Structure formats: C-alpha cells, structure tokens
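# Fold and contact review
Chain residues, written in single-letter form:
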Amino acid sequence: MAGKRVLITGASSGLGAALARRLAAQDAVVGLIARRRDRLGEVLADCRRTSPASAMWVADLGDTAAVGELALQAWDGLGGIDVLINNAAIPKRRRVTELEPDEVEDVMRVNFFAPMRMTLAVLPRMLAHGSGLIVNVSSVGGRLGIIHETAYCASKFALCGWSEAMAVDLHGSGVAVKLIEPGPVDTEIWDQPGSEDPLYQGPKVAAEEVADGIIDALGSDRFEHYVPDMKAVVDAKNADLDAFIAGVAGMAPR
C-alpha cells in the first residue's frame, strides 16, 4: 500500500480508525472523513507520524446532498484517490413495530446513500485513469437478517446488492470492487444512543484484527470477504431460510 492514496469514511473511531492507522503505518497516504473533529484529529496525528501527507475532512455523511462534493474535495486534496473505503455506518436497534420511517431513512442515508454518492462522485475520475478500488464495508447483517435490526440490515443488504451489481458493470474496466462483511466487531456501534441494547452477547473481534483482514483483502482477486469468516453461517441460512427465521426469532425475550 506504500504511496497509495486511500480515502476512509467513519475514520474517527473503531474499524475506520484502525484501518487508517494500519494503512498509514504501511506508508499509504490516508484521507479521513468523520463527524467528530477532536477524535478525527487524534487519528490524523497518529497517521501523520508515518504518513505526513495524510489529511482529514470533518463532515456528516447523513447530509447526503453534500457527499458528492466532499468526495471531490478529498480527491483534489489528496491528489487523487486510489482506494475508496466506504466504512461509515450507524445502527438502529429496535423492533420493527417500534420504528419510525424517519429513523429508517436516517440509517439508509449514512449506510447506503452516502457510499453510493461517494462512489458515483469519484468513479468517473477512476475510470478516466483506468484504475481504482472501491471497498464497501457492509456486514454479515447484509447477508442475513438480525433480530431487531431491520433498518440496519436493510441498509447493508442494499450495500451488498449495489456492490455486486457494480462489480458486474465495472468488470474489466480497471476499477475493482471489494465487498467486506465483518461479523461482530468490538466498536462503539454496540452502545449508541437511540438504540436498544443488543441481544447478542457473544464474542467480538478486535477492530485491529478486522482491519488487518480488510487490508489483506485489498490484494486479493476475490470480490467478497467475510472478516472474520462467517460465510458458513450465511450458507446455512440460505440452505433453510424458514428454519433460520424461526431460530433467530426465538432469541427475542418473551
């Protein structure tokens, strides 16, 4: 990754921050986007120890009308983008009967519409250069339904479908697409205002470990990457969807 210009959204904490630090340590030039200026500044300071040309942009990706222009500002600021990592995401843990439409749309704006707009803004420039890599960080929740996560899963299913069809459209163009599906990662997404406490109480993987898996995926020929590898769970779901729905529904408190 030495010398590559990598733009990462959601870079102020968790997986995005871990990716930024790991990539900067490999001499990539990283561009960081997130809402929280103080936290983002701390990550940038760490990155600049090994990658002094790294930069940051403070922005709310929920303001989707401004996302395309933000992507082009980052392109110009970095002198181009070799790798776009759409990582930013928000949760909304709530039973579907208690969701408001505006809440679902808020999740869709950050988790799907923002990466869509970021991609469409930089894609013409990548195609003009004949190279580029778009990395969409979805979730295992983009391949199977998680209890009380209808809004989140809808956004991640959308990102999976978008990524897969985009990979078909761009096949042979020089611009590649990678779809990343993390499992339970130990980040702040589990403890967010406005969301129920998660029913899942199992083990979580450190953000740094998942970041390493994503960096490994960048050099792979494969499109889809489960980090950690939970593909067997998704395959089991697809083998008997009715049994999966009944089993997951049984997790709900009575």
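For the structure, see preceding data.
As the structure is a computational prediction, the values presented were derived from the model and not from experiment.

On to the side chain of serine 12. Within the element layout of this structure, serine 12 appears in the loop between β1 (5-9) and α1 (14-25). The exposure class assigned to serine 12 is buried, which follows from its relative accessible area of 7%. Of note is the side chain of serine 12, whose polar atom sits 3.2 Å from the side chain of arginine 36. Here serine 12 is in contact with Ala17, Ala34, Arg36, Arg39, Leu40 and Val43, once residues within four sequence places are set aside.

Moving on, we come to the pairing of strand β3 (residues 55-58). Residues Ala55 and Trp57 point to one face of β3 and are all buried, whereas Met56 and Val58, pointing to the other face, are not buried. Relative to β3, strand β2 (residues 29-34) runs parallel, the two sharing 4 bridges. Opposite alanine 34, over in β3, you have valine 58 as the bridge partner. The handedness of the β2 to β3 crossover, carried by helix α2 (residues 37-48), is right-handed.

So, on to the pattern of salt bridges. Applying the stated criterion across every chain, the model contains 12 salt bridges. The shortest N-O distance in the salt bridge between aspartate 106 and arginine 109 comes to 2.2 Å. Of the two residues, aspartate 106 and arginine 109 both sit in helix α4 (residues 101-129), 3 residues apart, roughly one turn of that helix. A residue is classified by how much of its surface remains accessible, and aspartate 106, at 35% relative accessible area, is partly exposed. Classification of arginine 109 as partly exposed rests on a relative accessible area of 26%. Two residues, arginine 143 and glutamate 181, come together in a salt bridge whose shortest N-O distance is 3.0 Å. Of this pair, arginine 143 sits in the loop between β5 (132-137) and α5 (150-169) while glutamate 181 is found in strand β6 (residues 175-182), placing the two residues 38 residues apart along the sequence. Under the relative-accessibility criterion, glutamate 181 is labelled buried at 0%.

Cut-offs used in this document
- Residues numbered from 1 in each chain as written.
- Predicted model: local features only at pLDDT ≥ 70, side-chain atom pairs only at ≥ 80, totals over all residues.
- Heavy atoms only, no water.
- Helix = DSSP H or I, 4+ residues; strand = E, 2+ residues; numbered from the N terminus.
- Buried < 20%, exposed > 50% of the residue type's maximum accessible area, 1.4 Å probe, protein only.
- Polar contact = N/O pair within 3.5 Å; in protein donor to acceptor, adjacent residues only side chain to side chain.
- Contact = heavy atoms within 4.5 Å.
- Pairing = 2+ DSSP bridges.
- Right-handed = clockwise from strand over helix to strand, strands pointing away.
- Salt bridge = Lys/Arg side-chain N within 4 Å of Asp/Glu carboxyl O.

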